[in-house]
Amino acid sequence: FTINPDATEIIVSVKGHSKSLEFNGQKQSVSGFDMTSNNDAFSLKFVSYTGDSLVAGTDAQTYAMGLSAKDFKNTSINYSNVVFDVTDGSLSVTPKPVVLTVTGASKTYGDKDPALKYSVEGLVTVNGVEDKLKNVTLARKAGENAGDYAVTATVDAKSNPNYTVTAKDGKFTIAPKPVVLTVTGASKTYGDKDPALEYSVNGLVTVNGVEDKLKNVTLA
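Residues numbered from 1 in each chain as written. Predicted model: local features only at pLDDT ≥ 70, side-chain atom pairs only at ≥ 80, totals over all residues. Heavy atoms only, no water.

A.B. asks: Provide a residue-level description of the pairing of strand β1 (residues 10–16), including the pertinent values.
C.D. replies: Here β1 shows one buried face, formed by Ile10, Val12, Val14 and Gly16, and one open face, formed by Ile11, Ser13 and Lys15. In this structure, β1 lies alongside strand β9 (residues 82–87), joined through six bridges in parallel fashion. Counted as the bridge partner of Ile10 is Val82 from β9. (Buried < 20%, exposed > 50% of the residue type's maximum accessible area, 1.4 Å probe, protein only. Helix = DSSP H or I, 4+ residues; strand = E, 2+ residues; numbered from the N terminus. Pairing = 2+ DSSP bridges.)

A.B. asks: Lay out unusual backbone geometry in plain terms, naming residues and giving numbers.
C.D. replies: Of note in this structure, Asn135 is not a glycine but carries a positive phi near 55 degrees. The phi dihedral of Asn208 falls on the positive side, at around 55 degrees, and the residue is not glycine. Inspection of the secondary structure puts Asn208 in the loop between β22 (206–207) and β23 (210–211).

A.B. asks: Quick rundown of the sheet that holds strand β13 (residues 118–121)? Include the residues and the values.
C.D. replies: One open sheet accounts for three strands, arranged β13-β11-β18; its pairing is mixed. Strand pairing shows two members of the sheet lacking a second neighbour, β13 and β18 (163–168), which therefore form its edges. Here the strands of the sheet are splayed against their neighbours by 25 degrees on average, with no regard to which way each runs. Where strand β11 (residues 96–102) meets β13, four bridges bridge the pair, whose relative direction is antiparallel. In the sheet register, Leu100 faces β13, and the bridge partner there is Val120. (Axes fitted to C-alpha atoms, helices over the stretch in contact; angles between N-to-C directions.)

A.B. asks: Lay out the side chain of Asn162 in plain terms, naming residues and giving numbers.
C.D. replies: Within the secondary structure, Asn162 sits in the loop between β17 (147–155) and β18. Taking the relative accessible area as the measure of exposure, Asn162 reaches 12% and is therefore buried. With sequence-adjacent residues up to four places away left out, Asn162 is seen in contact with Phe23, Asp59, Ala60, Pro95 and Lys96. (Contact = heavy atoms within 4.5 Å.)

A.B. asks: So what's going on with the packing of aromatic side chains? Which residues, and what values?
C.D. replies: Summed over all chains, the structure comprises six aromatic pairs. Between Phe33 and Phe72 the ring centres are 5.3 Å apart and the planes differ by 80 degrees, which places this aromatic pair in the edge-to-face class. Separated by 39 residues along the polypeptide, Phe33 in strand β4 (residues 33–37) and Phe72 in strand β8 (residues 72–74) bring together distant segments of the chain. Each ring, one from Phe42 and one from Tyr79, has its centre 5.8 Å from the other, and the planes form 90 degrees; the classification is edge-to-face. (Phe/Tyr/Trp six-rings, centres within 6.5 Å; stacked < 30°, edge-to-face > 60°.)

A.B. asks: If you had to explain the nonpolar core to someone new, which residues and values would you point to?
C.D. replies: Core analysis: the biggest nonpolar cluster contains 36 residues, and Phe42, Val82, Phe84, Leu100, Leu133 and Tyr163 have the highest contact counts within it. If sequence neighbours within four positions are ignored, Val82 has contacts with Ile10, Val12, Phe42 and Asn74. (Core = buried A, V, L, I, M, F, W, Y, C linked by side-chain atoms within 4.5 Å.)

A.B. asks: Give me the sheet that holds strand β12 (residues 105–108): which residues, what numbers.
C.D. replies: The strand order β12-β19-β17-β16 describes an open sheet built from four strands, whose pairing is mixed. Strand pairing shows two members of the sheet lacking a second neighbour, β12 and β16 (136–140), which therefore form its edges. Strand-to-strand twist in this sheet, taken as the mean axis angle between neighbours without regard to direction, amounts to 20 degrees. The pairing of β12 with strand β19 (residues 170–175) spans four bridges and is classified as parallel. Note on β19: the bridge partner recorded for Thr108 is Ala175.

In structure tokens form, the structure reads like this:
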């Protein structure tokens, strides 16, 4: 008397676990999977698995768990047609949001520009060392007259895949240069016409070999 295996197709669905985690500078992982059968008569205890249902990663990107149907096996002698429908698991490490703030700076008209600086809030610290953004370019709006100029930051996204950077512009101020105007002494003899009044200025800036001049100076 022979009892043959049931050849009815049984589908075992395998779904790997998935997580989305923010970059924190440490290795993060996801493991395990869930199984369901479309036939309650087939017990999942007869499914063996020989793979490694673990995925780990540090940098911001998506890592596949690597589940494969070939790693699952039906060990039941009563059911011969078990098909494994596998949905792979994954770990998605997302970039960490950080804020870059351009530091305000200033100079006096005629002086050289100081070095432009910035600070970043939210960078990850690993083993006591804080991360740094790479390829950050600071530039101020062109101009040399006294006034305020915007300073903008450009961050190369490809060089900083673990961070999403929000940049806040800064302000660069050129302050007027203090100068001293001295009215030149003058004299005349009673009854003569007044001589032309004159003055001198100490502290004017020289640009390309030419000294600046004050405009609209009235002597009285």
